[in-house]
Amino acid sequence: MGNVEKSLKDIGSFTKLPGANLFTTSTTKLFNWAQKSSLWPLSFGLACCAIEMMATFASRYDLDRLGMITRASPRQSDLMIIAGTVTIKMAERIKTLYDQMASPKWVIAAGSCAISGDHYRHIYSVVPGVDWVIPVDVYVPGCPPRPEDFIEGIMELQNLISNGKISPTYNVSTGGKNQIDIKKTKTKKQKNLIENKFINKNELLNYASQYKNKDFLYLKFITATDFEEGLTLTYVISNTKLGEDMEFHVNLGNSLEIDSLSELFVGADWQEREIYDLFGISFSGHPNLKRIMMPEDWIGHPLKKEYDMDTHNSPYRPTREEYESWKTKL
Amino acid sequence: MFIEFLSFSKPIFQSITTLILIVAYLVWLERKIAARMQSRIGPYLVGKPHGWLQPLADALKLMSKDDSKPSSSDSLLFNFGPIWVMVVSLSAFALLPFYFDNPMINASLSLMLFIAISSLIIVGIFVSGWSSSNKYSLISVMRSVAQIISYEIPLVISLLIPCILIGSLSFGDIIESQKNIWFIFSPGLGQISFVIFFISALAEGNRIPFDLSEAESELVSGYTTEYSGIKFALFYLAEYVHLFGISVLGSIIFFGGPHGPFITSNLIIVIKSLVFFTFIVFVRWSFFRIRIDQLLRFNWSKLIPISFVVLLIACLTKYFSEFN
Ligand code: SF4
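Residues numbered from 1 in each chain as written. Chains lettered and ligands numbered in written order. Predicted model: local features only at pLDDT ≥ 70, side-chain atom pairs only at ≥ 80, totals over all residues. Heavy atoms only, no water.

1. Digging into the overall build of chain B
Inclusion rule: Put simply, DSSP H or I for four residues or longer makes a helix, DSSP E for two residues or longer makes a strand, and each gets a number counted from the N terminus. Residue burial is assigned from relative accessible area. The probe radius is 1.4 Å, only protein chains are included, and a residue is buried under 20% of its type maximum, exposed over 50%, and partly exposed in between. Asp and Glu count as negative and Lys and Arg as positive, but His and the ends of the chain are not part of the count. In this description, the location of a charge corresponds to atom NZ of lysine, CZ of arginine, CG of aspartate or CD of glutamate.
Secondary structure summary: chain B contains twelve helices and zero strands in total. Going from the N terminus to the C terminus, chain B shows its helices and strands as α-α-α-α-α-α-α-α-α-α-α-α. Its C-alpha atoms give chain B principal-axis dimensions of roughly 70 × 50 × 50 Å. Here chain B holds 324 residues, and 52% of them are scored as buried. Placing the 21 positive and 19 negative side-chain charges of chain B at their respective mean positions leaves the two points 9 Å apart.

Here it is as structure tokens:
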């Protein structure tokens, strides 16, 4: 009986009567207790923080101890853990999912990215803090927060629920847990680069197909760089049998057009779309040249030097003035 | 009049309350076993010794949750689905000799009636998926219907085999005939029909490896996608009631019902069906989910022919033992 009494203590109170125990509680208290004891989170994660969140659910930390099991449907979940970087494209989905959740619903913003955008906050595609999109109950700082921090955040949320009040800005202090062990990382050297040169724009197709016949079958990547003088494209193709790479560059100068390699290398398809999306270089002969990362109605090509940060068209990004005033407030 | 009604309905209330309590703690048991298998602890902090208040907290929370309904759904059918599923899976228990003094078990067709009632669940499931006007729910119930209807055949045949050998369709006779030896130990036929029964019972109860209608990776959460709050709780509970019903059925038909090694009591049925349920949970947490075409092909091209052959052998056995 002692155990039972103890576990019922945070729901209500016992009164000793002669020959019996009387247990009393109020409905508010009872339902608050029920809500805090079975917080079912929506199973979704956004970036690296989500990995840490999954670790928190798995065997060593085990959130099921607190009565938390993930639900796939937003209708049945009570808690949304925003774990990771919120991009503008994802922000709309987050809003939809949040609206689909049946109330009472709570939000935990976990990780510096979800709180403020962190080191990505100046990037054109990142929402600087998920509270631009939905109201947040508990913030858990860290990059990523450790599982202990996650659990602490959840316990704070449980306290909030059982106290019956929810404040929109509530910080969990991590108490000096954020010591990072900095290790020197060695940069890998590229071993088998057999050639590295600039070629003319017109001989690109010839050049690539010539090397393709020499068993350079795998296109490692295409990337573009915006130098002041103009755009430069870099191609790396490799011969996987011999383990040899070769790299060649094309100076575009002022023009924004070049032949597509997607006929020769199927892998070029998406990479050329990405370059088109971010740099505005159009590839003639490409089968499906559409935006791949940014929303289709996006204005401009964000990785170009002349791209103006203020030409955003999303409600989830602050304007320059809002941003400056907000920064000085911090 | 009212007093009469009360005294008449008292056993019904009693049995429903007991049943719901048992089933609520089955959910807890499953979470505990799952946790054990993944080297976790499972519910622990809600109610101190091992989360014993967890089912209560879950139920209260689901009750207090907002009752959302998609605006384009058919509200009558949408509300009817969960209630139907719950009512049907509970009323199937009226025929199980869960309480041994239950008068219904000696009805001459009680096993038949049990199967007939419990196969009505699919109506509720289909109605709820159809009326939620959600593509995931619809795909899920279409899978569900295909699966449950096709697995009904081997399930019924595997239950017919003991009935033919015993010569009765009533639970009372089946239990009576297993006084000395459980049916699972009757050579050949007993084991084969139990395996068929077990496989098709898993498929009937929508359990892994056959839980295609709730495949989270494809269908959000299947036909319950649009349900929140108490309606979802009804579905959740009904699934476990049905599963427990199947466990009780299996322990009666194949494991001798209340006949224990030393004593004969109702409690033995409960213990046996808990063991059976634990076994189903073990299967759930150690297997993967198979594809819908594999599921149906396995049923129509392997399970059903085999079960018909076994049925034929059972008939011949009966014929030669009775009439020669
Ligand atoms: S806060 Fe750090 S770990 Fe978390 S999503 Fe951002 S970068 Fe990744």
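Back to the write-up after that little detour.
2. Regarding the environment of Gln178 of chain B
All names here are of chain B. Spelled out, the test is: Whether two residues touch is decided by their heavy atoms; if any such pair falls within 4.5 Å, the residues are in contact. Whenever two N or O atoms come within 3.5 Å, that pair is a polar contact, provided that in protein one can donate a hydrogen and the other can accept it, and provided that, for residues adjacent in sequence, both atoms are side-chain atoms.
Take Gln178: it is sitting in the loop between α7 (171-177) and α8 (189-204). In this structure, the C-alpha to C-alpha distance between Gln178 and His50, residues 128 residues apart in sequence, is 38 Å. The residues touching Gln178, leaving out its near neighbours within four places in the chain, are Phe183, Ile252, Ile253, Phe254, Phe255, Gly256 and His259. Of note is the side chain of Gln178, whose polar atom sits 2.9 Å from the backbone oxygen of Ile252. Here the side chain of Gln178 touches Ile253 through a polar contact of 3.1 Å, landing on its backbone oxygen.

3. Concerning the site of the ligand
Residue and element names in this part refer to chain A. Short version of the rule: The near set for a molecule or strand comprises every residue that places at least one heavy atom within 4 Å of it. Under the grouping applied here, Gly and all other residues not named as nonpolar or charged are polar, the nonpolar ones being Ala, Val, Leu, Ile, Met, Phe, Trp, Tyr, Cys and Pro and the charged ones Asp, Glu, Lys and Arg.
Close to the ligand lie 13 residues, the nearest being Cys48, Cys49, Gly84, Cys113 and Cys143. Elements with a contribution of two residues or more to the shell around the ligand: α3 (48-57) and α5 (112-116). Grouping the constituent residues of the shell around the ligand by class yields seven nonpolar, six polar and no charged.

4. Some details on the interface of chain B and chain A
Condition: The quantity reported as buried area is the accessible area (1.4 Å probe) lost by two parts once they are put together, taken as the sum for both. Salt bridges are identified by distance alone: a Lys or Arg side-chain nitrogen within 4 Å of an Asp or Glu carboxyl oxygen.
Between chain B and chain A, the contact holds 36 residues from the first and 33 residues from the second. Between chain B and chain A, roughly 2800 Å² of surface is buried when both sides are summed, and carbon and sulfur atoms account for 61% of that area. When the area that chain B buries against chain A is broken down by residue, the three leading residues are Arg40, Lys61 and Lys65 of chain B, summing to 20%. If you look at where chain B meets chain A, you find six salt bridges. Taking the shortest distance from any N to any O, the salt bridge between Arg40 of chain B and Asp64 of chain A comes out at 3.4 Å. Applying the counting criterion to the chain B and chain A interface returns 20 residue pairs in polar contact (both at pLDDT 80 or more). Of all the elements in the fold, those that place two or more residues in the side of chain B that touches chain A are α2 (54-64) and α10 (229-253) of chain B. Broken down by element, the residue count for the side of chain B that touches chain A peaks at eight residues, all from α2 of chain B. Partitioned by chemical class, the residues of the side of chain B that touches chain A number 16 nonpolar, eleven polar and nine charged.

5. Remarks on the sheet that holds strand β6 (residues 193-199) of chain A
Residue and element names in this part refer to chain A. Convention followed: Should DSSP find at least two bridges between two strands, the strands are taken to pair. Note on method: axes are straight lines fitted to C-alpha atoms, helices fitted across the in-contact stretch only, with angles between N-to-C directions ranging 0 to 180 degrees.
The strand order across the open sheet formed by four strands is β6-β9-β8-β7, and the pairing between neighbours is mixed. The two strands at the open ends of the sheet, each matched to only one other strand, are β6 and β7 (218-227). The average undirected angle you get between the axes of adjacent strands in this sheet is 15°. Pairing of β6 with strand β9 (residues 244-253), which is carried by six bridges, proceeds in the parallel orientation. When the sheet's bridge partners are listed, Ile199 is paired in β9 with Val250. Most of the contacts of helix α8 (residues 268-279) go to β7, to which it runs at about 10°, and overall it touches β7 and β8 (230-239).

6. Description of the sheet that holds strand β3 (residues 79-83) of chain A
Two orientations exist for strands paired in a sheet by backbone hydrogen bonds: parallel and antiparallel. All names here are of chain A. With respect to topology, three strands assemble into an open sheet ordered β3-β4-β5, the strand pairing being parallel. Looking at strand neighbours, the two that pair on one side only are β3 and β5 (138-140), the edges of this open sheet. Across the sheet, the axes of successive neighbouring strands diverge by a mean angle of 20°, strand direction being ignored.

7. Describing unusual backbone geometry
A negative phi angle characterises most non-glycine residues, just as the trans form characterises most peptide bonds. In this structure, the amide linkage connecting Cys143 of chain A to the following residue, Pro144 of chain A, adopts the cis form with an omega of -10°. Mapped onto the elements of the fold, Pro144 of chain A is located in the loop between β5 and α6 (147-163). Positive phi, normally seen in glycine, also occurs at Asp62 of chain A, with a value near 55°. Even without a glycine there, the phi angle at Ser39 of chain B is positive, about 40°. Looking at the secondary structure, you find Ser39 of chain B in the loop between α1 (2-37) and α2.

8. Let's talk about the layout of surface pockets
We count it as follows: Grid points spaced at 1 Å over the protein atoms alone were grouped into cavities, where a 1.4 Å probe fits but cannot get out, and pockets, open sets with protein on both sides within 12 Å along at least five of seven lines, with lining residues defined by an atom within 4 Å of a point. Grid points are joined across faces, edges and corners, and a volume is the space filled by probe spheres set on the points.
Computed from the structure, the largest pocket encloses a volume of approximately 1100 Å³. Along its surface, the largest pocket is lined by 41 residues, and Ile69 and Thr70 of chain A together with Glu216, Arg284 and Trp285 of chain B are the ones closest to its centre. Within the residue set of the lining of the largest pocket, elements represented by two or more residues are α3 of chain A together with α1, α10 and α11 (266-286) of chain B. Among the elements that line the lining of the largest pocket, the one with the most residues is α10 of chain B, at five residues. Class assignment for the residues of the lining of the largest pocket results in 20 nonpolar, eight polar and 13 charged.

9. Topic: the pairing of β3 of chain A
Residues and elements named next belong to chain A. Judged by how many residues are buried, β3 sits mostly within the fold: five of five residues are covered. The two faces of β3 match: Leu79, Ile81 and Ala83 on one face and Met80 and Ile82 on the other face are all buried. As judged from the five bridges shared by β3 and strand β4 (residues 106-110), these two strands associate in the parallel manner. Paired with Ala83 across the strands is Ala110, a residue of β4.

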